[in-house]
Amino acid sequence: MPQSERGRAIYEADRRFVFHSWSAQAALDPMVIVDADGCRVTDADGRSYLDFSSQLVYTNLGHRHPAVVEAIRRQAAELATIAPAHANEARSEAARLIVEKAPASLEKVFFTNGGAESVENAIRMARLVTGRYKVLSQYRSYHGATALAINATGDHRRWANDYGAAGTVHFFGPFLYRTVFHARNEREECERALEHLEDVIRFEGPGSFAALILETIPGTAGIMPPPPGYLRGVRELCDRYGIVLILDEVMVGFGRTGRWFASEHYDVEPDLMTFAKGVNSGYVPLGGVLLNGATAGFFDTRPYPGGMTYSGHPLACAAAVATITAMTEQHVVENAALLGREVFASGLAELAERHPCVGEVRGLGAFWALDLVTDRDTREPIAPYGGTSEAITRTLAAARDAGLLLFHQYHRVHLAPPLTMTPEEARHGLALLDEVLEVTDTYTTTGA
Ligand code: PLP
């Protein structure tokens, strides 16, 4: 509970009137944030925190970027809103810029209000184009919280919503550190994961799948960059069985991994790509589906049976135009790559050497996960799958006390700072994390 009068009023109204996502309401104790600038946020008592989470991995330009704020202000004064059927400058220009940055085969944008709606519409398009129903998606994935997107999701959040999953089939992707294929190296993991996927397709009915959806680099599920050849192998299987390949780049798109889109690291082009979050740094809700020529062309003569009141909202699109322009002019994607190469890769390797609680460090660009364990040999996670523990709760509390905001899930903490962060700020964050991990170490078999 904040000390200041204003902070207490905000907190009390929140607890009384606001219903929060994913939570048992009575247990909540939300931090009151009153200000944010660049890579820092300030709470109601004036404490400043370094944001290593980009909130939910979306403030890619940091807070209060002047060009984006000004673009929203100007758009609000000129044409705050207009129905989706009308063409308008902000939407046309946003679509043009997004297509320009996207993989070459993607030609058109269908705008939505966020990630889950993008996933819903991409799957709907795939079903219409193929005339098939079933959808393949990975365990260890997150695709959103609407009915179909949560069914496609491969983490525990699906379980409570699992009443409309007909036709959604899950498979394991490659993840050597916690391999389900008993692989000893990346090559074996890749080969076995592809064999497993083909077996699932064959045993579920090769002619029944409309779409295969996966995160180019699974994000919330643990930041697992796929081994070389995996995504090319998935692309080949999709081609062989006539399945539409949807890459979900809601979290990794728009520079997060040091390229505009993560698919560029793997030289693979999807039929459809979903995006949201970083497209406009989350200043106004926006998402979308990028369509290749064949999919877009399918709907040239057949009406597309889907839409939203706010599809391509001018305020959101104006923010996207300003975001993409600023990212280009300020070389923000290059900065994300540099942070990965020159700060996080070596800085986190050093932390892993010093702290027995770090089982594995994974990531690239401004997108890193620490797999926290009680024992490096057994790789026992410090919190169970789908759950929490005293070790992770105390780790997160220590981060907050140190003035550091981290993204976390189960036994992992993720570092996903704004892509505008300077190397000095990132190094400072790692120094704070070093202190925080001292607390986590006390829960290990060697550090206790
Ligand atoms: N897809 C991915 C890969 C995501 O990470 C998320 C959200 O974190 C979503 C979809 C859902 O996006 P939204 O919360 O905007 O609906």
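In this text, all values refer to a predicted model and were calculated from it rather than measured experimentally.

Reading the values: rules and limits
Residues numbered from 1 in each chain as written. Predicted model: local features only at pLDDT ≥ 70, side-chain atom pairs only at ≥ 80, totals over all residues. Heavy atoms only, no water. Near = heavy atom within 4 Å. Polar contact = N/O pair within 3.5 Å; in protein donor to acceptor, adjacent residues only side chain to side chain. Areas by Shrake-Rupley, 256 points an atom, 1.4 Å probe, with all protein chains shown as cover. Nonpolar A, V, L, I, M, F, W, Y, C, P; charged D, E, K, R; others polar. Helix = DSSP H or I, 4+ residues; strand = E, 2+ residues; numbered from the N terminus. Contact = heavy atoms within 4.5 Å. Salt bridge = Lys/Arg side-chain N within 4 Å of Asp/Glu carboxyl O. Buried < 20%, exposed > 50% of the residue type's maximum accessible area, 1.4 Å probe, protein only. Phe/Tyr/Trp six-rings, centres within 6.5 Å; stacked < 30°, edge-to-face > 60°. Lys NZ or Arg CZ within 6 Å of the ring centre and 35° of its normal. Expected span 1.5 Å × (residues − 1). Arc of directions from axis to C-beta. Domains from an automatic or database assignment. Buried area = accessible area lost by both parts, 1.4 Å probe. Pairing = 2+ DSSP bridges.

1. Thoughts on the site of the ligand
- Every residue near the ligand is listed here: Gly114, Gly115, Ala116, Tyr142, His143, Gly144, Glu215, Asp248, Val250, Met251 and Lys277.
- Take lysine 277: an N or O atom from its side chain is 3.0 Å from an oxygen atom of the ligand.
- Against a free-state accessible area of 390 Å², the protein chains account for coverage of 80% of the ligand.
- Looking at the shell around the ligand, its residues break down into four nonpolar, four polar and three charged.

2. Describing the side chain of glutamate 188
- By secondary structure assignment, the location of glutamate 188 is in helix α7 (residues 186-204).
- Ignoring any residue separated from it by four or fewer positions in sequence, one finds glutamate 188 in contact with His182 and Ala183.

3. A few points about the pattern of salt bridges
- Tallied over the entire structure, the rule returns 23 salt bridges.
- For arginine 192, the salt bridge identified is with glutamate 188, shortest N-O distance 3.5 Å. Of this pair, arginine 192 and glutamate 188 both sit in helix α7, separated by four residues, roughly a single helical turn.
- We classify glutamate 188 as buried; its relative accessible area is 9%.
- Among the ionic pairs, arginine 354 bridges to aspartate 434, the shortest N-O distance being 2.8 Å.

4. Quick look at the packing of aromatic side chains
- Considering all chains together, one arrives at twelve aromatic pairs under this definition.
- Their ring planes at 75° and their centres at 5.9 Å tell us that phenylalanine 52 and phenylalanine 344 sit as a pair that is edge-to-face. Within this pair, whereas phenylalanine 52 is found in the loop between β3 (48-51) and α2 (54-57), its partner phenylalanine 344 is found in helix α11 (residues 332-354), the two being separated by 292 residues in sequence.
- Residue classification places phenylalanine 52 among the buried residues on the basis of a relative accessible area of 0%.
- Measuring from ring centre to ring centre gives 5.0 Å for tyrosine 385 and tyrosine 410, while their planes differ by 65°; the resulting arrangement is edge-to-face. Of this pair, tyrosine 385 sits in the loop between β13 (380-381) and α12 (390-402) while tyrosine 410 is found in the loop between β15 (407-409) and β16 (412-415), placing the two residues 25 residues apart along the sequence.
- Since its relative accessible area comes to 7%, tyrosine 410 is described here as buried.
- What links up through ring pairs into an aromatic cluster is the set Phe110, Phe298, Phe299 and Tyr304.
- Above the face of the tyrosine 142 ring, arginine 157 is positioned so that its terminal group lies 4.0 Å from the ring centre.

5. Thoughts on helix α10 (residues 314-329)
- Helix length check: α10 (16 residues) gives 22 Å between terminal C-alpha atoms against 22 Å at 1.5 Å per residue, within 8%.
- Note on α10: the residue one or two positions beyond its end, histidine 331, has a positive phi of about 55°.

6. Overview of α12
- In this model, α12 (13 residues) spans 18 Å end to end at C-alpha, consistent with the 18 Å of a helix rising 1.5 Å per residue.
- When α12 is considered as a whole, its buried residues turn out to be Ala391, Ile392, Thr395, Ala398 and Ala399. Mapping the buried residues of α12 onto a view down its axis gives an arc of 120°, with all of them on the same face. Residues of α12 that are exposed and angled more than 90 degrees away from the buried face: Glu390 and Asp401.

7. What about the domain arrangement of the protein?
- You can read the domains of the protein as domain 1 (31-64 + 331-441) and domain 2 (66-329).
- Taken residue by residue, the interface counts 40 residues in domain 1 and 41 residues in domain 2.
- For the pair domain 1 and domain 2, the summed buried area comes to about 3100 Å², and 58% of that belongs to carbon and sulfur atoms.
- Between the two partners, domain 1 and domain 2, sit one salt bridge.
- Taking the shortest distance from any N to any O, the salt bridge between aspartate 371 and arginine 178 comes out at 2.8 Å.
- Summed over the shared surface of domain 1 and domain 2, the result is 24 residue pairs in polar contact (both at pLDDT 80 or more).
- Secondary-structure elements contributing two or more residues to the side of domain 1 that touches domain 2 are α2, α11, β11 (358-364), β12 (367-375), β15 and β16.

8. Details of the sheet that holds strand β2 (residues 40-43)
- Pairing in this open sheet of four strands is mixed, and the strands run β1-β2-β3-β14 from one edge to the other. Each edge of the sheet is formed by a strand with only one pairing partner; in this case those strands are β1 (33-37) and β14 (404-405).
- Bridging between β1 and β2 involves four bridges; their strand directions are antiparallel. Directly across from aspartate 35, in β2, lies its bridge partner threonine 42.

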